[in-house]
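# Close look at the chain arrangement
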Amino acid sequence: MKDFVPPRRGIVFIVSAPSGAGKTTISRAALDRIPELAASVSVTTRRPRGSEVEGTDYRFVTEDEFRRIRERNELAEWAQVFDACYGTPKQPLDEAIASGRDILLDIDVQGARQIRAAYRRDTVTIFVLPPTFQELEQRLRRRGTESEAAIQGRLERAREEARAYVEYDYLIINDDVDESIEMLLSIVTAERSRVTRLSPGFVPWKS
Ligand code: 5GP
């Protein structure tokens, strides 16, 4: 930890990608390697996969619970992705921004649009794409967690989603995972140094 960090609001880093682009690997590595960056834990109606842990990977809820959470306005954004609903809890996000803590959201294009609309000046958006469509297909098959129909659905959606990159601040072509992680680290470091993020009234060397 540095001796002195100028006061500023927390930054919301959004990472989006078509499924199979390697986004989860990159964002997990970023969370391990970037100091003072926390993951937002989404609420979802989808069932846990493999080694996923309740409360760490997601908060897994029923459709009724999700609807109640949504109706109580506890979500900063929500979207239906494939057959499930996903949402970002609002309170932890607001608290992080207000107290200068940075937070990473791994959410889809629809969710990114909603967060950007609501938190424009505090949001930095990053889009991750594999170098080729074939690469995406291979990665999805290698993962082996979905049926053929689900893979086809994800591929179709990926083609659509890839076009949304123009709405984002940064594009990472994930050819080499280590290089992609370095790029993400650089983005976070640069964004943290922006003068426009400093708290109003900040005067260097005041004390
Ligand atoms: P998966 O089911 O593979 O974990 O995630 C499927 C998609 O849902 C991914 O694109 C992921 O980024 C997105 N997603 C996960 N959590 C959220 C969320 O809270 N809101 C939105 N809008 N999308 C999410």
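For the structure, see preceding data.
Anyway, here's the lowdown on the structure attached to this text. Being a predicted model, the structure only gives us computed values, none of them experimental.

Each strand in a sheet pairs with another by means of backbone hydrogen bonds, the pair being arranged parallel or else antiparallel. Strand order in the open sheet formed by 4 strands is 4-3-6-5, and the pairing between neighbours is mixed. Each edge of the open sheet carries a strand with a single partner, namely strand 4 (59–60) and strand 5 (75–81). Strand direction decides the pairing type here: strand 3 (residues 43–44) and strand 6 (residues 84–89), joined by 2 bridges, are antiparallel. By the bridge assignment, V43 is partnered in strand 6 with G87. Lying over the sheet, helix 3 (residues 90–98) contacts strand 5 and strand 6, oriented at roughly 30° with respect to strand 6.

At a closest axis distance of 9 Å, the pairing of helix 1 (residues 23–33) and helix 7 (residues 177–192) adopts a crossing angle of 55°. By the angle between their axes, helix 1 is oblique relative to helix 7. Handedness of the crossing formed by helix 1 with helix 7: right-handed. Across from T25, I26, A29, A30 and R33 in helix 1, the residues of helix 7 making contact are V177, S180, I181, E182, L184 and L185. Class assignment for the residues of the contact of helix 1 with helix 7 results in 7 nonpolar, 2 polar and 2 charged.

This paragraph deals with a negative patch on the surface. Together, D175, D176, D178 and E179 make up a region of like negative charge exposed at the surface. The class of D175 is exposed, set by a relative accessible area of 60%.

To continue, consider unusual backbone geometry. A positive phi is found at N73, a non-glycine position, where the angle reads about 60°. Examined against the element boundaries, N73 turns out to sit in the loop between helix 2 (63–71) and strand 5. In the Ramachandran plot, F82 falls in the positive-phi region, its phi being about 55° despite a non-glycine side chain. Within the secondary structure, F82 sits in the loop between strand 5 and strand 6. Assessed through its relative accessible area of 31%, F82 is described here as partly exposed.

Parameters at a glance
- Residues numbered from 1 in each chain as written.
- Predicted model: local features only at pLDDT ≥ 70, side-chain atom pairs only at ≥ 80, totals over all residues.
- Heavy atoms only, no water.
- Pairing = 2+ DSSP bridges.
- Helix = DSSP H or I, 4+ residues; strand = E, 2+ residues; numbered from the N terminus.
- Contact = heavy atoms within 4.5 Å.
- Axes fitted to C-alpha atoms, helices over the stretch in contact; angles between N-to-C directions.
- Parallel < 35°, antiparallel > 145°, perpendicular 65-115°, else oblique.
- Left-handed = near helix turned anticlockwise from the far one by under 90°.
- Nonpolar A, V, L, I, M, F, W, Y, C, P; charged D, E, K, R; others polar.
- Patch = residues over 30% accessible without salt bridge, like charges linked within 9 Å, V, L, I, M, F, W, Y side chains within 5 Å.
- Areas by Shrake-Rupley, 256 points an atom, 1.4 Å probe, with all protein chains shown as cover.
- Salt bridge = Lys/Arg side-chain N within 4 Å of Asp/Glu carboxyl O.
- Lys, Arg positive; Asp, Glu negative; His and termini not counted.
- Charge placed at Lys NZ, Arg CZ, Asp CG, Glu CD.
- Buried < 20%, exposed > 50% of the residue type's maximum accessible area, 1.4 Å probe, protein only.

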